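Coordinate inspection notes
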Amino acid sequence: MAAPLLFRGLPLLRLRFCYQRLQHPTFVLLAPRLFSAASESSQPYDDAASDGEQTTAVLRTKDPPKYPRWPDPDYRKWKEREAQILKDIEPVIFLAKEIIHSDRYMDGERLTAEDEKIVVDKLLAYHPHCEDKIGCGLDSIMVDRHPQFRRSRCLFVVRTDGGWIDFSYQKCLRQYIRDKYPSYAEKFIKEHFKRGS
């Protein structure tokens, strides 16, 4: 049975169909064969191959497409753990940013007892140099302008002797993640923090 005229003149598609009869005589199934459009595009269309053989080219790609690897159990496990870490640290990040970047506190103002407790327990306790920052003792936590970078505000430890020193809440968070999620910490820090140190 010859291919219908509808499919003969389409230069880009050049589909060749196999006709397979089903058990019921009124139905015909059209099954397209694999083809290579690039190799056939410059050749004139011919119903029959020159020596009577039919050629079928298999489509190949050098590199597989880069889709998210959800079937990969390691990738799924990473995405689940990433979501868990984000859920864990987001409230503390939100509070730290609100303290530093909003008008909630004026420059040089001491944090409220509630905010101070959260900052000390969830941030300062995890700073890599916590003992050096506290020094002779912790009197309070305040927010103020950085001594060298006057346009930026940061958190400060106010010591019992009246001295004060700044500390990075991001360093505290990175150390917290390293302590609590050691297998995923470096990947998470690399993807979610500006500086990975």
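Calculation notes
- Residues numbered from 1 in each chain as written.
- Predicted model: local features only at pLDDT ≥ 70, side-chain atom pairs only at ≥ 80, totals over all residues.
- Heavy atoms only, no water.
- Helix = DSSP H or I, 4+ residues; strand = E, 2+ residues; numbered from the N terminus.
- Polar contact = N/O pair within 3.5 Å; in protein donor to acceptor, adjacent residues only side chain to side chain.
- Contact = heavy atoms within 4.5 Å.
- Pairing = 2+ DSSP bridges.
- Axes fitted to C-alpha atoms, helices over the stretch in contact; angles between N-to-C directions.
- Salt bridge = Lys/Arg side-chain N within 4 Å of Asp/Glu carboxyl O.
- Buried < 20%, exposed > 50% of the residue type's maximum accessible area, 1.4 Å probe, protein only.
- Expected span 1.5 Å × (residues − 1).
- Parallel < 35°, antiparallel > 145°, perpendicular 65-115°, else oblique.
- Left-handed = near helix turned anticlockwise from the far one by under 90°.
- Nonpolar A, V, L, I, M, F, W, Y, C, P; charged D, E, K, R; others polar.

Looking at an unreviewed UniProt entry, the protein carries the name Protein DCL homolog, chloroplastic isoform X2, with the source organism given as Nicotiana tabacum.

**Observations regarding the side chain of Arg153**
Assignment of secondary structure puts Arg153 in strand E5 (residues 153-159). Within the structure, Arg153 has its side chain in polar contact with the backbone oxygen of Tyr105 (distance 3.0 Å). A distance of 2.6 Å separates the side chain of Arg153 from the side chain of Asp107, its partner in a polar contact. Not counting residues within four places of it along the chain, the set of residues in contact with Arg153 comprises Ile99, Ile100, Ser102, Tyr105, Met106, Asp107, Val143, Asp144, Arg145 and His146.

**What about the sheet that holds E5?**
The strand order across the open sheet formed by 4 strands is E3-E4-E5-E6, and the pairing between neighbours is antiparallel. Single-partner strands in this sheet number two, and they are strand E3 (109-110) and strand E6 (164-167). Contacts from helix H3 (residues 73-101) reach strand E4 (138-145) and E5, with the element oriented near 95° to E5. Across the sheet, helix H4 (residues 113-122) lies against E3, E4, E5 and E6, angled at about 100° from E4, the strand it touches most.

**Some points on the pattern of salt bridges**
In the structure shown here, the tally under the stated rule is 9 salt bridges. As a salt-bridge pair, Arg145 and Asp107 come within 3.0 Å of each other at their nearest N and O atoms. Note that Arg145 is positioned in strand E4 and Asp107 in the loop between H3 and E3, a separation of 38 residues in sequence. With relative accessibility at 26%, the residue Arg145 sits in the partly exposed group. Residue Arg178 pairs with Glu186 through a salt bridge whose shortest N-O separation is 2.8 Å.

**Some points on the environment of Gln170**
Locating Gln170 in the fold gives a position in helix H6 (residues 169-180). Assessed through its relative accessible area of 25%, Gln170 is described here as partly exposed. Separated by 43 residues in the primary sequence, Gln170 and His127 have C-alpha atoms spaced 8.9 Å apart.

**Quick word on H6**
Each α-helix turn comprises 3.6 residues. Residues three or four places apart therefore point the same way. The end-to-end C-alpha distance of H6, which contains 12 residues, comes to 16 Å, matching closely the 16 Å that a straight helix rising 1.5 Å per residue would cover. Every buried residue of H6 is listed here: Tyr169, Cys172, Leu173, Arg174, Tyr176 and Ile177. The backbone nitrogen of Gln170 has a side-chain oxygen 3.3 Å away, supplied by the residue at the start of H6, namely Ser168.

**Some thoughts on the packing of H3 against H4**
For the pair H3 and H4, interaxial distance at closest approach is 11 Å and the crossing angle is 125°. In terms of axis orientation, H3 runs oblique to H4. In this structure, H3 crosses over H4, and the sense of that crossing is left-handed. Across the interface between the two elements, Val92, Leu95 and Ile99 of H3 pack against Asp115, Ile118, Val119 and Lys122 of H4. Of the residues contributing to the contact of H3 with H4, the split by class is 5 nonpolar, no polar and 2 charged.

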